[in-house]
Amino acid sequence: MTTSAGPGANRPLELGRWRWEHSVGPGWLLLGDVGFEGFYEDDIPLALCAQIQGLFVDLPPRPRERFTLVGCAPVGALADLLDRLPAEALGTERAWLGDISIMAPPPDVPPVWWGEYLGDVVVVACRPSITMPEAVDVDLDGFVDVYDRTEAVVRPGDVDEFVLLGRNEAPYGTCRDVTGVFREQAAPPVPQVRLLGCRPDTPLLAALGAVGRSTEAARRRRRIHAEVYMVAADGSASQVIGAVVSGTVNAGEPSRLGAGLFDVTVDSDSREPLPLGILGILEHWYARRPAEKNLWAGYDRELRHHWAAVALAHRSDVADRPAGATYDLDGRFVTDIEGFYCAIGEAINGPGGYFGWNLDAFGDCLAGRFGARVPFRLVWHDSAVAREHLVAGYDRRRLGPAITLEYLLDMLAAHHVEIDLR
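Residues numbered from 1 in each chain as written. Predicted model: local features only at pLDDT ≥ 70, side-chain atom pairs only at ≥ 80, totals over all residues. Heavy atoms only, no water.

Core analysis: the largest hydrophobic core is formed by 73 residues, its most contacted members being L30, F340 and F362. Top contributing element to this core by residue count: helix α6 (residues 337–349), with eight residues. Here F362 is in contact with F340, Y341, I344, F355, G356, L408, M411 and L412, once residues within four sequence places are set aside. One finds C72, A89, A95 and V122 within the second-largest nonpolar core, a separate group that totals 30 residues. (Core = buried A, V, L, I, M, F, W, Y, C linked by side-chain atoms within 4.5 Å. Buried < 20%, exposed > 50% of the residue type's maximum accessible area, 1.4 Å probe, protein only. Helix = DSSP H or I, 4+ residues; strand = E, 2+ residues; numbered from the N terminus. Contact = heavy atoms within 4.5 Å.)

Structure below.
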């Protein structure tokens with residue numbers, strides 16, 4: 001069994017390798033480790049499963065958070081906003097500030113802590129500070145920029161003053177403390193994952209054998225961390241990027257889905273589940289690669305992002321077509337940056353094709369080995385759709401400036417791509 005180098009860029013595992021004798025499934029392969037301490041192996045087969053409950057769940061939108069800059073001496077755009085807005089305007093769109101980075105004062109040596117980033121920030125209130133004369137306490141509303149809403153945000157030690165910076169490191173002042181940013185890791189939104197109709201391999205059988213024992217060694221043997229792969233109709237397996245079963249095995253019982261199968265319950269570590277809609281995306285790849293373009297067009301931005309992730313996981317290594325080729329991009333549904341990545345993937349590599357799923361990955365694809373060799377010609381049909389939607393502004397999904405059509409065109413031109421907008 002082999003996988004390619006690079007996160008998420010795996011190739012389908014051996015065709016037919018993961019077939020079994022039961023009439024149900026298997027739908028999922030778990031590769032990872034059991035009983036690890038600190039480091040784990042990511043390619044040990046742990047189980048085949050017909051179903052996994054609790055891995056794909058739609059959560060409510062992440063709520064906005066409240067922060068306070070305590071003992072703040074504002075300067076720059078932050079001071080200007082506080083000076084020009086009356087109290088009744090705070091907390092409205094007029095008091096929108098954008099982004100703030102909270103940093104330690106510059107040391108003589110590189111810091112251990114590189115700061116925290118707050119996005120989509122609105123100033124809610126400002127009042128004289130109760131801790132410092134001539135300073136203010138400023139209440140903010142926004143988001144801490146974290147990969148997962150359950151992540152801990154650790155307060156740095158030996159920092160008694162914070163430096164505030166805006167975009168492009170514009171100075172916003174200092175403060176003595178910040179409340180609401182630093183927090184412990186949250187409880188998992190979905191406390192348990194259940195592996196139903198599961199055929200465990202030896203490491204997972206050992207974990208099940210330790211269930212009910214109260215020793216620390218037994219608890220360690222029940223620890224599991226596994227990446228999840230979809231098993232297709234032909235028995236090949238492809239990684240579901242971001243899908244992880246991680247936690248402590250706490251129960252196992254015979255499954256009603258077949259003789260010799262188990263239903264295994266795992267108490268989950270803190271992490272967000274993936275959206276339920278990914279299951280519908282994966283169905284397009286179950287029997288074979290999609291044969292029709294624009295199947296992604298009806299999805300929202302989040303699921304379009306995951307469509308490109310699934311396309312990445314199913315990417316096959318093929319030689320780049322020769323330089324000078326022409327590719328046609330169907331721009332009718334490029335209403336957001338995620339739609340662009342889906343559309344350019346299909347323009348270069350056909351239905352279900354991949355050619356980047358973020359700016360860095362898109363730049364990597366333009367460098368070659370992803371189906372096209374520059375220079376090439378890109379005919380962008382219905383480009384008016386992107387011109388209307390990919391405009392300057394703030395992207396609240398990405399917590400940063402929007403990626404504009406002009407930016408993409410400049411990036412393509414810098415890589416010697418001839419662009420024909422139609």
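To continue, consider the packing of helix α7 (residues 359–366) against helix α9 (residues 405–414). One way to put it is that α7 packs onto α9 with a least axis distance of 11 Å and a crossing angle of 30°. By the angle class used here, α7 and α9 are roughly parallel. In this structure, the crossing between α7 and α9 has a hand that is right-handed. Of the residues in α9, those in contact with L359, F362, G363 and L366 of α7 are Y407, L408, M411 and L412. (Axes fitted to C-alpha atoms, helices over the stretch in contact; angles between N-to-C directions. Parallel < 35°, antiparallel > 145°, perpendicular 65-115°, else oblique. Left-handed = near helix turned anticlockwise from the far one by under 90°.)

Okay, helix α2 (residues 202–209) next. Taken together, the buried positions of α2 are L204, A207 and L208. Seen from one end, α2 has its buried residues packed into an arc of 100°, which puts them on one side. (Arc of directions from axis to C-beta.)

Peptide bonds are, in most cases, trans, and in most cases residues other than glycine have a negative phi. A cis amide bond, omega 0°, links G25 with the succeeding residue P26. Mapped onto the elements, P26 comes out in the segment before β1 (28–34). Phi is positive for D158, close to 60°, though the residue is something other than glycine. Checked against the element boundaries, D158 lands in the loop between β6 (136–144) and β7 (162–165). Non-glycine residue N168 carries a positive phi angle of around 60°. Within the fold, N168 resides in the loop between β7 and β8 (171–175).

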